[in-house]
Amino acid sequence: TQLLEQSPQFLSIQEGENLTVYCNSSSVFSSLQWYRQEPGEGPVLLVTVVTGGEVKKLKRLTFQFGDARKDSSLHITAAQPGDTGLYLCAGPESGAGSYQLTFGKGTKLSVIP
Amino acid sequence: NAGVTQTPKFQVLKTGQSMTLQCAQDMNHNSMYWYRQDPGMGLRLIYYSASEGTTDKGEVPNGYNVSRLNKREFSLRLESAAPSQTSVYFCASSATGDEQFFGPGTRLTVL
């Protein structure tokens, strides 16, 4: 089983600050997804990165896929209380016909007004 | 579109009782999944169905059974609930197997 390690586990910052969270593996992934889960809700897909070195932007969120496709980062500019939640990275399990995702354990972000 | 719906939202059971968690999706996805989420353990796959008519075990299948009733519906059954099954359960669906769409969850407590 491929593992995804996320860091930091917890992050508490003031509104307006910038932050970066990381998703790392020793395995190569064909793609990685980032999800955000708000308290009491299910995870919601934010973005999928597919190509090594790819950068995708979603308003104040910037996602990067590592050149070797073993890691990814999420950078939030000028964080807002609405960014509070659990950020999960996930990637498809290797192997032909696999329909499973490997999930990291997440980074729990709190943005304090 | 409703996306993925789950019922019930909350449930309290006594040890040994049985129950079925229901999940339905209206996105015409082939694949459906059941996860449990526990503090410090992340999302763990219980069972999945790659397509209508097939089901497979995930990481933590013991104590659970599933039924893919049709393309839309995928249910999870606890035959004899145990306190270790206290958790939040999520259903998800996917067209491709990688990008998954989750329901709002069922919060289950087993006393």
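Above this text sits the structure in question.
Residues numbered from 1 in each chain as written. Chains lettered and ligands numbered in written order. Predicted model: local features only at pLDDT ≥ 70, side-chain atom pairs only at ≥ 80, totals over all residues. Heavy atoms only, no water.

Focus on the environment of B:Arg72
All names here are of chain B. Stated precisely, the cut-off is as follows: The way it works is that DSSP assigns letters per residue, a run of H or I at least four long becomes a helix, a run of E at least two long becomes a strand, and they are numbered from the N terminus. Note on contacts: a residue pair qualifies if any of its non-hydrogen atoms lie within 4.5 Å across the two residues.
Examined against the element boundaries, Arg72 turns out to sit in the loop between strand S7 (64–68) and strand S8 (74–78). With 38 residues separating them along the chain, Arg72 and Val110 place their C-alpha atoms 28 Å apart. Apart from residues lying up to four places away in sequence, Arg72 is in contact with Cys23, Ala24, Gln25 and Met32.

Considerations on the interface of chain A and chain B
Test applied: Buried area is a sum: the accessible area each of two parts loses on coming together, probed at 1.4 Å, counted once for each and added. One side-chain nitrogen of Lys or Arg within 4 Å of one carboxyl oxygen of Asp or Glu is enough to make a salt bridge. Contacts described as polar in this section are N or O atom pairs within 3.5 Å, which, within protein, must combine one atom able to donate a hydrogen with one able to accept it, while residues neighboring in sequence count only if both atoms come from side chains. Under the convention adopted here, Pro, Cys and the residues Ala, Val, Leu, Ile, Met, Phe, Trp and Tyr are nonpolar, Asp, Glu, Lys and Arg are charged, and Gly plus all remaining residues are polar.
At the interface, 18 residues of chain A touch 20 residues of chain B. Its largest share of buried area at the contact with chain B, chain A owes to A:Tyr99, A:Gln100 and A:Phe103, together 35% of the area lost on that side. Where chain A packs against chain B, one counts zero salt bridges. Summed over the shared surface of chain A and chain B, the result is six residue pairs in polar contact (both at pLDDT 80 or more). Residue assignment for the side of chain A that touches chain B shows that the elements contributing at least two residues are strand S4 (32–37), strand S5 (44–49), strand S9 (85–92) and strand S10 (101–103) of chain A. Considering only residue class, the side of chain A that touches chain B consists of nine nonpolar, seven polar and two charged.

Some remarks on the pattern of salt bridges
Applying the stated rule across the entire model yields five salt bridges over all chains. One salt bridge in this structure joins A:Asp83 and A:Arg60, with 2.9 Å as the shortest N-O distance. Of the two residues, A:Asp83 sits in the loop between strand S8 (71–76) and S9 while A:Arg60 sits in the loop between strand S6 (55–58) and strand S7 (61–65), which places them 23 residues apart along the sequence. A salt bridge links B:Asp38 to B:Arg36, with the shortest nitrogen-to-oxygen separation between them at 2.9 Å. Bridged by salt links that share partners, the residues B:Arg36, B:Asp38 and B:Arg44 form one connected network.

Description of the side chain of B:Asp38
Here B:Asp38 lies in strand S4 (residues 31–38). Of note is the side chain of B:Asp38, whose polar atom sits 2.8 Å from the side chain of B:Ser87.

Here's the deal with the sheet that holds strand S1 (residues 4–7) of chain B
Residue and element names in this part refer to chain B. For clarity, the cut-off: A pair of strands is labelled paired if DSSP reports no fewer than 2 bridges between them. All axes here are fitted lines through C-alpha atoms, helices being fitted over the stretch that makes contact, and every angle between N-to-C directions spans 0 to 180 degrees.
As summarised here, the arrangement of the four strands in space is S1-S3-S8-S7, forming an open sheet in which the pairing is antiparallel. Of all strands in the sheet, those with a lone pairing partner are S1 and S7, marking the two edges. Sheet twist, expressed as the average angle between the axes of neighbouring strands with direction ignored, equals 15°. Judged from the three bridges that link them, strand S3 (residues 19–25) and S8 form a sheet pairing that is antiparallel. Among the inter-strand pairings, Leu21 is bridged to a residue of S8, identified as Leu76.

Quick notes on the side chain of B:Gln37
Rules: Summary of the burial criterion: residues with accessible area below 20% of their type's maximum are buried, those above 50% are exposed, and those between are partly exposed, where the area comes from a 1.4 Å probe applied to protein chains only.
Position of B:Gln37 relative to the elements: it lies in strand S4. Accessibility expressed as a relative area gives 15% for B:Gln37, which makes it buried. The residues touching B:Gln37, leaving out its near neighbours within four places in the chain, are A:Gln37, A:Leu86, B:Gly42, B:Leu43, B:Ser87, B:Val88 and B:Phe90.

Some thoughts on the layout of surface pockets
Gaps left between atoms show up when a probe the size of a water molecule is rolled over them. Keep this limit in mind: Computed over the protein atoms alone on a 1 Å grid, cavities are sets of points where a 1.4 Å probe fits but cannot get out and pockets are open sets with protein on both sides within 12 Å along at least five of seven lines; a residue lines them when it has an atom within 4 Å of a point. Grid points are joined across faces, edges and corners, and a volume is the space filled by probe spheres set on the points.
By volume, the largest pocket is sized at about 650 Å³. Around the largest pocket, the lining comprises 26 residues; the ones closest to its centre are A:Gln37, A:Leu86, A:Lys108, B:Gln37 and B:Pro39. Listed by contribution, the elements that provide at least two residues to the lining of the largest pocket are strand S1 (5–7), S9 and strand S11 (107–112) of chain A together with S4 and strand S9 (87–94) of chain B. In terms of residue class, the lining of the largest pocket is made up of eight nonpolar, 11 polar and seven charged. Contributing to the lining of the second largest pocket are 19 residues, with A:Leu3, A:Thr102, A:Phe103, B:Leu43 and B:Glu59 lying nearest its centre. Broken down by secondary-structure element, the contributors of at least two residues to the lining of the second largest pocket are S10 of chain A together with strand S5 (42–49) of chain B. A per-class count over the lining of the second largest pocket returns eight nonpolar, six polar and five charged.

Digging into the sheet that holds S6(A)
All names here are of chain A. The antiparallel open sheet is built from five strands, whose spatial order is S1-S3-S8-S7-S6. Every other strand in the sheet has two partners, leaving S1 and S6 as the edge strands with one partner each. Neighbour to neighbour, the strand axes of the sheet diverge by 15° on average, direction disregarded. Of the pairings in the sheet, the one linking S1 to strand S3 (residues 19–24) comprises three bridges and is antiparallel in character. Each residue of the ladder has a partner; that of Gln6, found in S3, is Cys23.

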